[in-house]
Amino acid sequence: MTRETVYLDHNAASPLRPEARAALLAGLELTGNPSSVHAHGRALRNLIETGRQQVARLAGAEPKQVVFTGSATEAITQAIVGGAKAFAAGAVAFSAGEHAAVGKAAEATGLPHWTIGLDADGRIDLDQLAAVLRRADDENVALLVAVHWVNNETGVVQPIERINALVGPTRHTLFVDAVQALGKLPLEFAASAPDMMAVSGHKIGAPAGIGALLVKAHADVVRLIPGGGQEQGRRGGTESAALIAAFGAAADATHYDNATMSAMTAALEAGLKHLAPGTVVFGEHASRIGNVTNFAVPGLGNATAMMALDLMGLSVSSGSACSSGKVGASHVLAAMGVPRDLANCALRVSFGWNSTPTDVDAFLAGFETLLSRQKRGGKAA
Ligand code: PLP
């Protein structure tokens, strides 16, 4: 890119960290297959096992609980499709705020879905979760419960301790999508209730194309890709040692500071409310992770606003871009009861490891220009 750009879309993908780039390039220099017993193979195997220890450390997992996958989407699919089969589930229960990967995987199981709603601030409704567990017991159905820890659109932190306390002691299986929580909150996978968790490299500054499923020993039977016995038989296919090394290096380099992130988000929200007093911040009354805000200025459509901001070199998101790059309606905001016309104005700004307060200033300056154009009745773009 030739012009100055400000990247404010870390929840979509965080820029490659220098440590991850160095580990990736070093890994790519190596030759061979990590399953080979000769020196070339052993060198690759070493990279993988070091990466496993580093990712495990960040997730509070034991290294043997880390199964590398090609993405969190793959890990989620393994957990849900593989988990439903391995644990003979009779239904999949998941919240209305899950990433599309969860709903699609649940669909692929062919089992009934039981949806758990969100409240107006984006929190998973614990009464509905409890009701779903009671129903499973009444109908004598083994349930696979899938919830997310931190919402990718709103940053709402789900009451995971209470979810763990509700589902943990039951015979039902608990899967947690921890993609937006990794590196931001202590996951403590080994010491907590979830049977499985999914994480992703590109949200913490590794390249895309590497994720992991964290599994407890009893969930080692959960399989999706049989293949040639890699990852202790839990995920077939020759591992990319370079990507795993980059994931590990990014994990080691992650020192998230929620106070700094929250301060930037608070400054941005205060600035927005000053510029546009009608600004609505979604999930404002819930506990939110510091690095993200999702807001709407009523009457300012997000497709037009994103385009105008893009022309000013400001990369933000609507929080619900679908794979075609079009702006779609947010199922998360819909589940929170946000009216469609307001949801169509939602913009997401997310910070990360290389964000600075000058990014906030740049965004607010651009947004002020956008609003004044809108006021003058001209096109926002
Ligand atoms: N779950 C959440 C909460 C996410 O934010 C994302 C990515 O946006 C995913 C799952 C999918 O991750 P990946 O891109 O590694 O498949």
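Everything below is about the structure shown above.
As the structure is a computational prediction, the values presented were derived from the model and not from experiment.

1. A word on the packing of aromatic side chains
Part 1 of the reasoning: Under the counting rule described, the total for this entry stands at four aromatic pairs.
Part 2 of the reasoning: The interplanar angle of 80° and the centroid separation of 5.8 Å between the aromatic rings of Phe-295 and Phe-367 together place this pair among those described as edge-to-face. With Phe-295 in strand E10 (residues 292–296) and Phe-367 in helix H12 (residues 357–375), this residue pair connects regions lying 72 residues apart in the sequence.
Part 3 of the reasoning: Given a relative accessible area of 0%, Phe-367 falls into the buried group.
Part 4 of the reasoning: With a centroid separation of 5.4 Å and an interplanar angle of 25°, the aromatic rings of Phe-363 and Phe-367 are classed as stacked. Placement of both Phe-363 and Phe-367 in helix H12 is noted, with a separation of four residues, approximately one turn of the helix.
Part 5 of the reasoning: When its relative accessible area of 0% is taken as the criterion, Phe-363 is described as buried.

2. Quick word on the pairing of strand E5 (residues 143–148)
Part 1 of the reasoning: In terms of burial, E5 is a largely internal element, six of the six residues being buried.
Part 2 of the reasoning: Neither face of E5 is open: one carries Leu-143, Val-145 and Val-147, the other Leu-144, Ala-146 and His-148, and all of them are buried.
Part 3 of the reasoning: Where strand E3 (residues 91–95) lies against E5, four bridges are found, and the strand directions are parallel. Looking at the pairing, Ala-91 lines up with Leu-143 of E5.
Part 4 of the reasoning: Taken together, the five bridges between E5 and strand E6 (residues 173–177) define a ladder with parallel strand orientation. Pairing of Leu-144 across the sheet is with Thr-173, part of E6.
Part 5 of the reasoning: For the crossover from E5 across helix H6 (residues 160–167) to E6, the handedness is right-handed.

Quick notes on the rules
- Residues numbered from 1 in each chain as written.
- Predicted model: local features only at pLDDT ≥ 70, side-chain atom pairs only at ≥ 80, totals over all residues.
- Heavy atoms only, no water.
- Phe/Tyr/Trp six-rings, centres within 6.5 Å; stacked < 30°, edge-to-face > 60°.
- Helix = DSSP H or I, 4+ residues; strand = E, 2+ residues; numbered from the N terminus.
- Buried < 20%, exposed > 50% of the residue type's maximum accessible area, 1.4 Å probe, protein only.
- Pairing = 2+ DSSP bridges.
- Right-handed = clockwise from strand over helix to strand, strands pointing away.

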